[in-house]
Amino acid sequence: MYKVLIDDIYHNPEWSEDTIPATDNDLLVLTQRLSHQRVPTKVFFQAIAIAAYDGASAFRYADNYLTSVKHKHKRRNIFSLRKPLVNFDQN
């Protein structure tokens, strides 16, 4: 039973041996991508920590964060363009 569990862990596609740490150039590109917008330091350091083990995952993490921030701003802009329900100019 234990051997089966150990074999399943080592053959998990998410934990494959194909993960390659990010190179210095990859870290530079990742830093530039995250510096174009306001990114919390926690998110930046998390992306760098992920890059130490898997460069591709770090880029996916950064892209997912930037995409989610972009969608949040779009929703806010839609609500800011809405006309007020009460007209205070007539008072």
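Keep in mind that this is a model prediction, so the values were computed, not measured. (Residues numbered from 1 in each chain as written. Predicted model: local features only at pLDDT ≥ 70, side-chain atom pairs only at ≥ 80, totals over all residues. Heavy atoms only, no water.)

Bringing the overall build of the protein into the picture now. Along the protein, the regular secondary structure elements total four helices and zero strands. Ordered by position from the N terminus, the helices and strands of the protein form the series α-α-α-α. Counting over 91 residues, the protein shows a buried share of 16%. A fraction of 60% describes how many contacts in the protein between residues 6 or more apart in sequence connect residues 24 or more apart. (Helix = DSSP H or I, 4+ residues; strand = E, 2+ residues; numbered from the N terminus. Buried < 20%, exposed > 50% of the residue type's maximum accessible area, 1.4 Å probe, protein only. Contact = heavy atoms within 4.5 Å.)

So, on to the confidence of the model for the protein. When the pLDDT values of the protein are averaged, the result is 77; 60% of them are 70 or greater. Between residues 1-9, whose pLDDT stays under 50, and residues either more than four places distant or in other chains, the model counts one contact. (pLDDT = per-residue confidence, 0-100.)

As a further point, take the nonpolar core. Among soluble globular proteins, nonpolar side chains are generally buried collectively. Within the largest apolar cluster, 12 residues are counted, these being Ala22, Leu30, Leu34, Val39, Val43, Ala47, Ile50, Ala51, Ala58, Phe59, Ala62 and Leu66. If you list the elements that add at least two residues to this core, you get helix H2 (24-35), helix H3 (41-51) and helix H4 (55-80). Beyond its immediate sequence surroundings of up to four residues, leucine 34 is in contact with Val39, Phe44, Ala47, Ala62 and Leu66. (Core = buried A, V, L, I, M, F, W, Y, C linked by side-chain atoms within 4.5 Å.)

For the rest of this paragraph, the subject is the pattern of salt bridges. For side chains bearing opposite charge, pairing can occur when the charged atoms are close. Taken as a whole, this structure holds one salt bridge when the rule is applied. When the shortest N-O distance is used, the salt bridge between arginine 33 and aspartate 63 registers 2.9 Å. Of the two residues, arginine 33 is situated in helix H2 and aspartate 63 in helix H4; the sequence distance between them amounts to 30 residues. According to the relative accessible area criterion, arginine 33 is partly exposed, its value standing at 31%. (Salt bridge = Lys/Arg side-chain N within 4 Å of Asp/Glu carboxyl O.)

What follows deals with the environment of valine 69. Among the secondary structure elements, valine 69 is positioned in helix H4. Residues valine 69 and valine 39, spaced 30 residues apart in sequence, show a C-alpha to C-alpha distance of 9.3 Å.

What follows concerns the environment of aspartate 54. The residue aspartate 54 is located in the loop between H3 and H4 in this model. Among the residues examined, aspartate 54 registers a relative accessible area of 14% and is labelled buried. Aspartate 54 sits 31 residues away from threonine 23 along the chain, and the two C-alpha atoms are 10.0 Å apart. The contacts of aspartate 54, once residues within four sequence positions are left out, are Thr19, Ile20, Pro21 and Arg60. Polar contacts involving the side chain of aspartate 54 include one to the main-chain amide nitrogen of alanine 56, which spans 3.5 Å. (Polar contact = N/O pair within 3.5 Å; in protein donor to acceptor, adjacent residues only side chain to side chain.)

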